[in-house]
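Structural description and commentary
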Amino acid sequence: MNINSYFDDFLAEIRLTQTQKNDLKKGHKTLRDRLQGDPELSKYIIATFLQGSYRRATAIRPLGEKRADVDVIVVTNIDKDNVTPEEVIDLFIPFMEKYYKGKYRIQGRSIGIELSYVDLDIVITSAPSEVEAKEVYQSRSVQSELMLEDYTTRYPWRLVKNYFDPAVDQFGRAIGELNKTAKDTPEWKTAPLWIPDRDAAQWVETHPLEQIRWTNEKNAATGGHYVNVVKAIKWFRLEKLTDIKHPKGYPLEHMVGDCCPSNIASVAEGVVRVFENIVNNYRFDRALSSVPVLPDRGVPNHNVWKRISKDDFIKFYDHIKDYAAIARQAYDADTIEEKVKLWKSIFGDKFPDPPQGSDSKSGASGSSSGGFTPRTAPTAIGGGRFG
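Report on the accompanying structure. (Residues numbered from 1 in each chain as written. Predicted model: local features only at pLDDT ≥ 70, side-chain atom pairs only at ≥ 80, totals over all residues. Heavy atoms only, no water.)

Another point: helix 8 (residues 208-221). If you check helix 8, its first and last C-alpha atoms are 20 Å apart, about what 14 residues at 1.5 Å a residue would give, namely 20 Å. Across the 14 residues of helix 8, 11 count as buried, placing the element largely inside the fold. For helix 8, the full list of buried residues reads Pro-208, Leu-209, Glu-210, Gln-211, Ile-212, Arg-213, Trp-214, Thr-215, Asn-216, Lys-218 and Asn-219. Immediately downstream of helix 8, the backbone of Gly-223 shows phi near 65°, a positive value. (Helix = DSSP H or I, 4+ residues; strand = E, 2+ residues; numbered from the N terminus. Expected span 1.5 Å × (residues − 1). Buried < 20%, exposed > 50% of the residue type's maximum accessible area, 1.4 Å probe, protein only.)

Counting along an α-helix, one turn takes 3.6 residues, and residues three or four places apart therefore face a common direction. Burial runs high along helix 10 (residues 249-259): 8 of the 11 residues are buried. Every buried residue belonging to helix 10 is among Tyr-250, Leu-252, Glu-253, His-254, Met-255, Val-256, Gly-257 and Cys-259, and all of these are buried. The elements touched by buried residues of helix 10 are helix 3 (53-56), helix 8, helix 9 (226-240), helix 11 (267-281) and helix 13 (310-332). (Contact = heavy atoms within 4.5 Å.)

It is worth spelling out the packing of aromatic side chains at this point. Across all of its chains, the model carries 18 aromatic pairs by this definition. Ring geometry for Phe-10 against Phe-351: centres 5.5 Å apart, planes inclined by 50°, an arrangement best described as tilted. You can see Phe-10 sitting in helix 1 (residues 4-14) and its partner Phe-351 sitting in the segment after helix 14 (336-347), a full 341 residues away along the chain. Across the pair, exposure class does not vary: Phe-10 and Phe-351 are buried alike. Between Tyr-151 and Tyr-163, the ring centres sit 6.4 Å apart and the planes meet at 70°, which makes this aromatic pair edge-to-face. A residue pair is termed long-range when its members are at least 10 positions apart, and Tyr-151 in the loop between helix 6 (140-143) and helix 7 (171-184) and Tyr-163 in the loop between helix 6 and helix 7 qualify at 12 residues. Relative accessible area serves as the criterion here: at 8%, Tyr-151 is assigned to the buried category. Through a chain of ring-to-ring contacts, three or more aromatic side chains come together here, namely Phe-7, Phe-10, Trp-343, Phe-347 and Phe-351. Lys-26 extends its terminal NZ or CZ atom over the ring of Tyr-117, reaching a point 4.9 Å from the ring centre. (Phe/Tyr/Trp six-rings, centres within 6.5 Å; stacked < 30°, edge-to-face > 60°. Lys NZ or Arg CZ within 6 Å of the ring centre and 35° of its normal.)

The next subject is the environment of Trp-235. Of note, Trp-235 is situated in helix 9. Taking the relative accessible area as the measure of exposure, Trp-235 reaches 2% and is therefore buried. For the pair Trp-235 and Leu-63, spaced 172 residues apart in sequence, the C-alpha separation works out to 9.9 Å. Leave out the neighbours within four places in its chain, and Trp-235 touches Phe-10, Ile-14, Ile-60, Arg-61, Leu-63, Phe-347 and Lys-350. At a separation of 3.4 Å, a polar atom in the side chain of Trp-235 contacts the main-chain carbonyl oxygen of Phe-347. (Polar contact = N/O pair within 3.5 Å; in protein donor to acceptor, adjacent residues only side chain to side chain.)

Here the focus is the packing of helix 9 against helix 11. Orientation of helix 9 relative to helix 11, taken along the N-to-C sense of each, is 60°, at an axis distance of 9 Å. Classified by the interaxial angle, the pair formed by helix 9 and helix 11 is oblique. Every pair of crossing elements has a handedness; the one defined by helix 9 and helix 11 is right-handed. Where helix 9 abuts helix 11, its residues Asn-228, Val-229, Ala-232, Ile-233 and Phe-236 lie against Val-267, Gly-270, Val-271, Val-274 and Phe-275. For the contact of helix 9 with helix 11, the class distribution of residues is 8 nonpolar, 2 polar and no charged. (Axes fitted to C-alpha atoms, helices over the stretch in contact; angles between N-to-C directions. Parallel < 35°, antiparallel > 145°, perpendicular 65-115°, else oblique. Left-handed = near helix turned anticlockwise from the far one by under 90°. Nonpolar A, V, L, I, M, F, W, Y, C, P; charged D, E, K, R; others polar.)

With that out of the way, let us pick up the pattern of salt bridges. Applying the stated criterion to the full structure yields 25 salt bridges. The partner of Asp-119 in a salt bridge is Arg-67, with the nearest N and O atoms 2.8 Å apart. With Asp-119 in strand 5 (residues 119-126) and Arg-67 in the loop between helix 3 and strand 2 (69-76), this residue pair connects regions lying 52 residues apart in the sequence. Lys-80 is the salt-bridge partner of Asp-81, the closest N and O atoms lying 3.0 Å from each other. (Salt bridge = Lys/Arg side-chain N within 4 Å of Asp/Glu carboxyl O.)

With that out of the way, let us pick up the nonpolar core. Ranked by internal contacts, the top residues of the largest apolar core, which has 111 residues, are Tyr-137, Phe-275, Trp-343 and Phe-347. Per-element accounting of this core gives the leading share, 9 residues, to helix 13. With residues near it in sequence (within four places) discarded, Phe-347 still touches Phe-7, Phe-10, Ala-232, Trp-235, Phe-236, Glu-239 and Val-271. (Core = buried A, V, L, I, M, F, W, Y, C linked by side-chain atoms within 4.5 Å.)

Shown next, in the form of structure tokens:
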């Protein structure tokens, strides 16, 4: 019995659509070209690159009228010791007025832009070393516009000097070149960047590259299941945990990362074990009514869950405990119908119905339901551009 093809169809329903990906690409490319070409700002900008759930391939399809979003990190040579966070933001205001008048808002640590088709976040940073920043952040490894799930074990993303994204028609040659690079070149060990925090009136460390590198490594260790486990649990959070404001976004993704074992064989197993590990790992925090501390990747003195309230954590934990029991029942169920029914109670209507007249033990069927793939073979998941 195998329910993997149901998860494949579920994931296809919650991933960003190709239109949304195209919109994100159009929005961030236009923004980055304008930044690099601005006569005033360009003398400060060392590089721009993509970060956030889009780059890590953990983004899910937005609900309703909400738009997909992407973070653009702007690496600068601005001296944090001689410029205040407020002064840095002020430096970018003329640019925002020129290109995004009436469409931007100043936030605590970023500048948000709301367009009709996409949301963008500009995250201004100060590099600790301009020499290192030019080598690392101008490299093709960091400048890549692909998501982590576009790669495979045959052609993984690597944070190395000679890395490149090949054209699809150069796939065979590229694998050979990458293997040579992977063998001979250790990955960069980069220092955190500094980000202006207007609310705190100080510069604080941030390490977006380490978050990408960690996610890439975790995804490889789980056979490519990790980013899909994150997407599934993000969707569950969106559908079912509607009575709490937090956690969501990266804090939720971070906890999933801490609780997802490396030896999972499927997305279903990953979801079950993440739920159960959350219950086990944070039971003392729940008993003490205290919010757990989750050190950030690359900046361990930062607590990713700092902004989560005690009440939200308690409700979140109790929900997860209830759904962990349901997920375990779904994973251990004897029939496809029973499995699908239970998984559907966790993920909602985006999880496919079982085919009518199916063989309940094998999941095979001569017809499909709801437009989903007949379960005669696993559905090919999107991504994996390089085979």
